[in-house]
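# Remarks on the overall topology
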Amino acid sequence: MDLSNKVAVVTGSGQGLGLAYAKDLARRGAAVVINDVNQATADAAVAEITAAGGRAVAVVAPVGSTDTAQKLVAGAVEAFGRLDIMVTNAGILRDKVLWKMTDDDFDAVVGVHLRGTFTCVREAVLRFREQGGGGRIICIGSPAGQRGNFGQTNYSGAKSGIVGMVRTWALELQRAGITANAVCPVAATTMTETVPFLAPYIEGMKNGEPLPDIIRREVGMGTPDDAAGIISFLASDDAADITGQAFAVGGDRLALWSHPELTAVEYHDGGWSAENIADRWARTFGDSVQSVGEEFPEELMAK
């Protein structure tokens, strides 16, 4: 898959999943703008890509503000003459249960994930429309945004919002030939090693042990590199007709998240009173109540 005529910005790409995305794009010929808040980390990522024959520059700035978004787009144009792909990956965690989460905990996560996605995509789209010829928006979501996750009010809310924005942008940008998709990866990173039942598998992987099939397939978790292929595919000309989708990727598994759909539907002449609902609830709606949180194989949760 040849991306040699493409230029990409990947936010939060100094390490982890972001670096895996940037390296895969560069390996396929794309020029890449690396973004991180740490200069040494960003420089090391650029050095790794260029040593492998790729093209990369660094823009060191915290994602969230319009100023940073403008610097990222300008960095791509100044270094490589254009911008074709925006991958919004930058993120932080401030995990706490609702009653212990502070305003700062909430605002910090929403500012990077949700606002940072909005500002970076807006600046990229301004550039795409000026250039003509379309473009690719690839936003990083999470299963936490699809199903919720204990202790992650801020993160789950932001990631859910990202998918909602992507579906709106797919409508707004279609006429300009710009696609917008979300990718919800699960990979062994510093974020996932805090999950108790996953920690032993991630520790084993660090020691050179392969992840078992139950993790790579049923849980759908693997290495950051396992999640990089879908990014390059969505950045390519082969994905020109794919927009408004939310992908799940990890380990050996690739899947599509469904759009929310109505499940149980019932009608009552004259509308629904509280008493009508109580009378019909169990026999009409009770069996259709949706679960919350990630669903993992029972044999893993029992350990």
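Up top is the structure these notes are about.
Nothing here was measured: the structure is a model prediction, and the numbers come from that model.

Here we come to the overall build of the protein chain. Counting its secondary structure elements, the protein chain contains 11 helices and eight strands. Relative to the 2.2 N^0.38 estimate, which gives 19 Å for 303 residues, the radius of gyration of the protein chain is 21 Å and therefore close to what a compact globule would have. Buried residues in the protein chain amount to 48% of all 303 residues. Taking the intrachain contacts of the protein chain between residues at least 6 apart in sequence as the baseline, contacts between residues at least 24 apart amount to 69%. When the accessible surface of the protein chain is totalled, it reaches about 15100 Å², and 52% of it is carbon and sulfur. Measuring between centres, the 26 positive side-chain charges of the protein chain sit 4 Å from its 37 negative side-chain charges.

With 12 residues, helix H10 (residues 274-285) should reach 16 Å at 1.5 Å per residue; the first-to-last C-alpha distance of 14 Å falls well below that figure. Listed as buried for H10 are Arg280, Thr284 and Phe285. All buried residues of H10 lie within an arc of 85° about the axis, which places them on one face of the element. In H10, the exposed residues that point more than 90 degrees away from the buried face are Ala274, Glu275, Ala278, Ala282 and Arg283.

Turning to the sheet that holds strand E4 (residues 85-88), a few remarks are in order. The eight strands lie next to each other as E3-E2-E1-E4-E5-E6-E7-E8, forming an open sheet whose pairing is mixed. The open sheet has two edge strands with one neighbour each: strand E3 (55-60) and strand E8 (253-257). Each adjacent strand pair in this sheet contributes to an overall mean axis angle of 20°, direction not counted. The sheet contact formed by strand E5 (residues 135-140) and strand E6 (residues 178-185) spans six bridges and is parallel. For Arg136, the partnering residue across the bridge sits in E6 and is Thr179. Of the strands in this sheet, strand E1 (7-10), strand E2 (31-36), E4, E5 and E6 are in contact with helix H1 (residues 16-27), which crosses E1 at around 175°. Across the sheet, helix H4 (residues 103-131) touches E4, E5 and E6, and the angle it forms with E5 is around 175°.

This part is about the environment of Gln70. Its place among the elements puts Gln70 in helix H3 (residues 66-80). For Gln70, a relative accessible area of 40% corresponds to the partly exposed category. Expressed as a C-alpha distance, the spacing of Gln70 and Ser288, which sit 218 residues apart in the sequence, is 46 Å.

With that out of the way, let us pick up the packing of H1 against helix H2 (residues 39-51). Packing of H1 against H2 brings their axes to within 10 Å, and their N-to-C directions diverge by 25°. Put simply, H1 runs roughly parallel to H2. Where H1 crosses over H2, the handedness of that crossing is right-handed. Within the contact between the two elements, H1 uses Leu19, Ala22, Lys23 and Ala26 and H2 uses Ala45, Glu48 and Ile49. In the contact of H1 with H2, the residues fall into five nonpolar, no polar and two charged.

The full count for this structure, using the stated rule, is two aromatic pairs. A ring pair is formed by Trp272 and Phe285, whose centres lie 6.4 Å apart and whose planes are at 70°; its orientation type is edge-to-face. You can see Trp272 sitting in the loop between E8 and H10 and its partner Phe285 sitting in helix H10, a full 13 residues away along the chain. A relative accessible area of 33% means that Trp272 is categorised as partly exposed. Considering the side-chain rings of Trp281 and Phe285, the 5.6 Å spacing of their centres and the 25° angle between planes classify their relative orientation as stacked. Here Trp281 pairs with Phe285, and both are found in helix H10, just four residues apart, close to one helical turn. Since its relative accessible area comes to 19%, Phe285 is described here as buried. Of the aromatic side chains, those joined through ring pairs into one cluster are Trp272, Trp281 and Phe285.

Before going further, it helps to examine the pattern of salt bridges. Tallied over the full model, the rule gives 14 salt bridges. Here Asp24 makes a salt bridge to Arg27, at a shortest N to O gap of 3.0 Å. Of the two residues, Asp24 and Arg27 both sit in helix H1, three residues apart, roughly one turn of that helix. Among the ionic pairs, Asp24 bridges to Arg28, the shortest N-O distance being 2.9 Å. A relative accessible area of 10% places Asp24 in the buried class. A relative accessible area of 23% places Arg28 in the partly exposed class.

It is worth spelling out the pairing of strand E7 (residues 246-250) at this point. Counting buried positions along E7 yields five of five residues, so the element is predominantly enclosed. The alternating pattern of E7 places Ala246, Ala248 and Gly250 and Phe247 and Val249 on opposite faces, both of which are buried. In terms of strand pairing, E6 meets E7 through four bridges, oriented parallel. Looking at the pairing, Val183 lines up with Phe247 of E7. Here five bridges tie E7 to E8, and the two strands are oriented antiparallel to one another.

Calculation criteria
Note that residues are indexed from 1 along each chain, following the sequence as it is written. Owing to the predicted nature of the model, reporting of local features is limited to residues with pLDDT of at least 70; listing and counting of side-chain atom pairs is limited to 80 or more, with chain, interface and lining totals taken over all residues. Calculation of side-chain values draws on the structure's entire complement of heavy atoms; hydrogens and water are dropped beforehand. Put simply, DSSP H or I for four residues or longer makes a helix, DSSP E for two residues or longer makes a strand, and each gets a number counted from the N terminus. Each radius of gyration is computed over the set of C-alpha atoms, and the globule rule expresses the reference value as 2.2 Å times the number of residues to the power 0.38. A 1.4 Å probe rolled over the protein chains alone gives each residue an accessible area, and that area as a share of the maximum for its type sets the label: buried under 20%, exposed over 50%, partly exposed in between. Residue contacts follow a heavy-atom distance rule, with two residues in contact if any of their heavy atoms lie within 4.5 Å. Residue burial considers only the protein chains on display, and all accessible areas are found by Shrake-Rupley using a 1.4 Å probe. Charge assignment in this entry is limited to Lys and Arg as positive and Asp and Glu as negative, and neither His nor the chain termini are counted. For this purpose, a charge sits on NZ of Lys, CZ of Arg, CG of Asp or CD of Glu. Multiplying 1.5 Å by the helix residue count minus one yields the expected span of that helix. It is the directions from the helix axis to the C-beta atoms whose arc is reported. At least two DSSP bridges between two strands are required for those strands to pair. Each axis is a line fitted through C-alpha atoms, taken for helices only over the stretch in contact, and angles between the N-to-C directions span 0 to 180 degrees. Roughly parallel refers to an angle under 35 degrees, roughly antiparallel to one over 145, roughly perpendicular to one between 65 and 115, and oblique to any angle outside these ranges. Helix crossings get a hand from a simple test, with the near helix turned counterclockwise from the far one by less than a right angle marking a left-handed crossing and a clockwise turn marking a right-handed one. In this classification, Asp, Glu, Lys and Arg are treated as charged, Ala, Val, Leu, Ile, Met, Phe, Trp, Tyr, Cys and Pro as nonpolar, and every other residue, Gly included, as polar. Aromatic rings from Phe, Tyr and Trp, with only the six-membered ring used for Trp, were paired whenever their centres fell within 6.5 Å, and each pair was classed as stacked if the ring planes differed by under 30 degrees, edge-to-face if by over 60, and tilted otherwise. The rule for a salt bridge is simple: a side-chain nitrogen of Lys or Arg has to be within 4 Å of a carboxyl oxygen of Asp or Glu.

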